[in-house]
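Each chain, letter by letter, is given below.
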Amino acid sequence: MQFAAFADRAAELEAEPADLETVSLVADLLCEAGADELPVVARFLQGRVFPGWDGRTLDVGPRLCYEALAKAAGTNVTADDVEARLADEGEIGAVAAGLDLGGQQGLGAFAAGGGESDGPTLTEVDDALREVAAAEGSGSEDAKLATLFGLFSRVSDDEARYLARLVLGEMRLGVGEGAVRDAIGEAFEVEPELVADALQVSNDYGRVAEIARESGDDGLREVGLTVGRPVQSMLAQAGTVTGALESWEEVAAEIKFDGARVQLHHHPDGIAPPAADREPTPDDPTVRLYSRNTSEVTEALPEIREFAEERLDAPAILDGEVVAVADDGSPLPFQEVLRRFRRKHEVDRMREEVALDLHTFDCLLDGREGSDGDDLLEEPFRERHARLTELLPEAASEVLYSGDAAEVEAFEQAALEAGHEGIMLKCLKSTYTPGDRGQDWLKRKPDVETLDCVVTGAEWGEGRRANEFGTFLLAVGSDHGYETVGKVATGITDERLAELTELLEPHVIDEDGQTVEFRPEVVFEVGYEEIQQSPTYGAGYALRFPRFVEVRDDKDPEDADTVERFERLAEGVDDA
Ligand code: AMP
């Protein structure tokens, strides 16, 4: 197939707003594609040269593309001109189509090493772009420029439009993943659901299209996870403890680690690099690490690789988070991980500076001998986590399985006190759905809003904190003074605790063992998850999951929230 034929179809697709028509047009194009062309067509339609699991990119910045276009357009055009036109036209395809690149055809054919004056075939474009991606090291910019120039010099205006977009990853034909999925179903008469499943585990439209054509439904059923081919990470939505317990009765609660996502692949026989297109050899690394968007990050994280190499024997794919840690093992902010994560240079020096820890929380593939089926995506969370704990006990997340909100709350408090970001709540029965931001994983929702409460009491801390307050009693205004609504101990750093003690101690009016009473003077801003009716507190309502946010020294106790407001919030009729 000529690239020109692909460009014609791309233009038709772009002009077609109706989804159904789009699917038939894509299906026709897939049917027309020759043996080796099918995967290329499926990828190009989505503006990709490589499958989703393959971390390679063309590594062509806009400026290099402008230079290649300018060169192909002739001596009168510069990269600056291309950039200026882009500012007018707004998109690179229109600019490329207006440059009359075909005028240089003879020269381009020469530069591309061919003698033909026809435009390139689809396969030639694919090969050339792979060559562009492969150019590395010194001189690579020149090599990329030469190859792109060769390509651009051989194309007509219409071809130039789609080639330039492809090079810059801006294809935008309006052909979504769903349309390609449905088109594969229509073109090769296979079950769309099987196509969807195969796409989820393989992360490769080209391969799935080929399998659908060659081996139909049966072939698609066979598609499984492969070590060395990362899948999209499963994602989380915001949720609440109460909501999760209502839906599932029991939750799996885990620490939410504030780091960078990694997918860890291990194979004792080695994992070949994606570009190699060959079987692995014993010289290939046995561990490779991938980021959340499936690019490879192994080189940047040598200690994680070494740790996994030492501990794992069988093939495995694990999901987790890499966290930067202080000398005492406590977690450091997310920004610290970023100093390590995609680093290509000075990895060893940074390894000394920022220590990393691996926390794994899921197991997608367990290839141990005797393990019943490698691919665990369809297994429930509880089973996957049990496998994870067997495979890598040192790095497996701690899970609290609980149906009790207070127990989950205590777990969260402990997580926050240990310096973590919060907790995740997972449905015990849920399968692993790559790329999906579904309802099965919830990150505990940050407090929707805050309330201002008066601090009317406190409890002294224990042990080394015996001279500081630990828990503060909160109250809100009513017709007859202040009524309590809960206690807050969460969200306060050690340093802050000392300051709060100093601030509140002068207001103590009574003391009874561990507890003190304050004159109502100080107002705390607190976050919370929910307000519930409660016989425990004077107001008849209690804050669930209260957290300290700030001292409102700009507010007097009279300005604090009231029982009446709590009533309205609890009923869901507050519009303040
Ligand atoms: P967010 O990035 O705020 O949408 O939160 C979801 C992210 O939290 C995930 O993509 C993971 O990278 C990260 N995360 C941290 N700890 C966990 C955990 N225990 N389970 C799942 N994801 C986690």
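Residues numbered from 1 in each chain as written. Predicted model: local features only at pLDDT ≥ 70, side-chain atom pairs only at ≥ 80, totals over all residues. Heavy atoms only, no water.

For the protein chain, the name recorded in an unreviewed UniProt entry is DNA ligase, with Halolamina salifodinae as its organism. Reading the Catalytic activity (unreviewed entry) entry of the UniProt record for the protein chain gives the comment "ATP + (deoxyribonucleotide)n-3'-hydroxyl + 5'-phospho-(deoxyribonucleotide)m = (deoxyribonucleotide)n+m + AMP + diphosphate." (UniProt positions renumbered as here; feature names shortened; annotations may be inferred.)

Participant: Got a minute to help me understand the overall build of the protein chain in this structure?
Facilitator: Within the protein chain one finds 21 helices and 18 strands. Each principal axis of the C-alpha atoms in the protein chain carries an extent, and together these give about 95 × 60 × 50 Å. The proportion of buried residues among the 576 residues of the protein chain is 51%. Total accessible area on the protein chain is roughly 26,600 Å²; 44% of this is exposed by carbon and sulfur atoms. One finds the centroid of the 53 positive side-chain charges in the protein chain at a distance of 3 Å from the centroid of its 126 negative side-chain charges. (Helix = DSSP H or I, 4+ residues; strand = E, 2+ residues; numbered from the N terminus. Buried < 20%, exposed > 50% of the residue type's maximum accessible area, 1.4 Å probe, protein only. Areas by Shrake-Rupley, 256 points an atom, 1.4 Å probe, with all protein chains shown as cover. Lys, Arg positive; Asp, Glu negative; His and termini not counted. Charge placed at Lys NZ, Arg CZ, Asp CG, Glu CD.)

Participant: Just checking my understanding: could you explain unusual backbone geometry for this structure?
Facilitator: In terms of backbone geometry, most residues other than glycine have negative phi values and most peptide bonds are trans. With phi around 50 degrees, Glu189 is a residue other than glycine that occupies positive phi space. Positionally, Glu189 belongs in the loop between helix H11 (177-188) and helix H12 (192-202). The phi dihedral of Thr294 is positive, around 70 degrees, even though this residue is not glycine. For Thr294, a relative accessible area of 3% corresponds to the buried category.

Participant: Would you mind showing me how to read the UniProt feature "active site" (unreviewed entry) in the protein chain here?
Facilitator: Mapped onto this structure's residue numbering, the UniProt feature "active site" (unreviewed entry) falls at Lys256. Along the chain, Lys256 turns up in strand S2 (residues 251-256). By relative accessible area, Lys256 is classed as partly exposed at 21%. Contact partners of Lys256, with chain neighbours within four places excluded, come to His420, Glu421, Gly422, Ile423, Met424 and Lys443. (Contact = heavy atoms within 4.5 Å.)

Participant: Can you help me understand the packing of helix H3 (residues 37-44) against helix H13 (residues 205-222) in this one?
Facilitator: The description of two packed helices rests on the angle between their axes and on the distance between the axes. For the pair H3 and H13, the least separation of the axes is 7 Å and the interaxial angle reads 135 degrees. Judged by the angle between their axes, H3 and H13 are oblique. With respect to the hand of their crossing, H3 and H13 are arranged in right-handed fashion. For the pair H3 and H13, contact is made by Leu38, Pro39, Ala42 and Arg43 and by Tyr205, Gly206, Arg207, Ala209, Glu210 and Arg213, respectively. Looking at the contact of H3 with H13, its residues break down into 5 nonpolar, 1 polar and 4 charged. (Axes fitted to C-alpha atoms, helices over the stretch in contact; angles between N-to-C directions. Parallel < 35°, antiparallel > 145°, perpendicular 65-115°, else oblique. Left-handed = near helix turned anticlockwise from the far one by under 90°. Nonpolar A, V, L, I, M, F, W, Y, C, P; charged D, E, K, R; others polar.)

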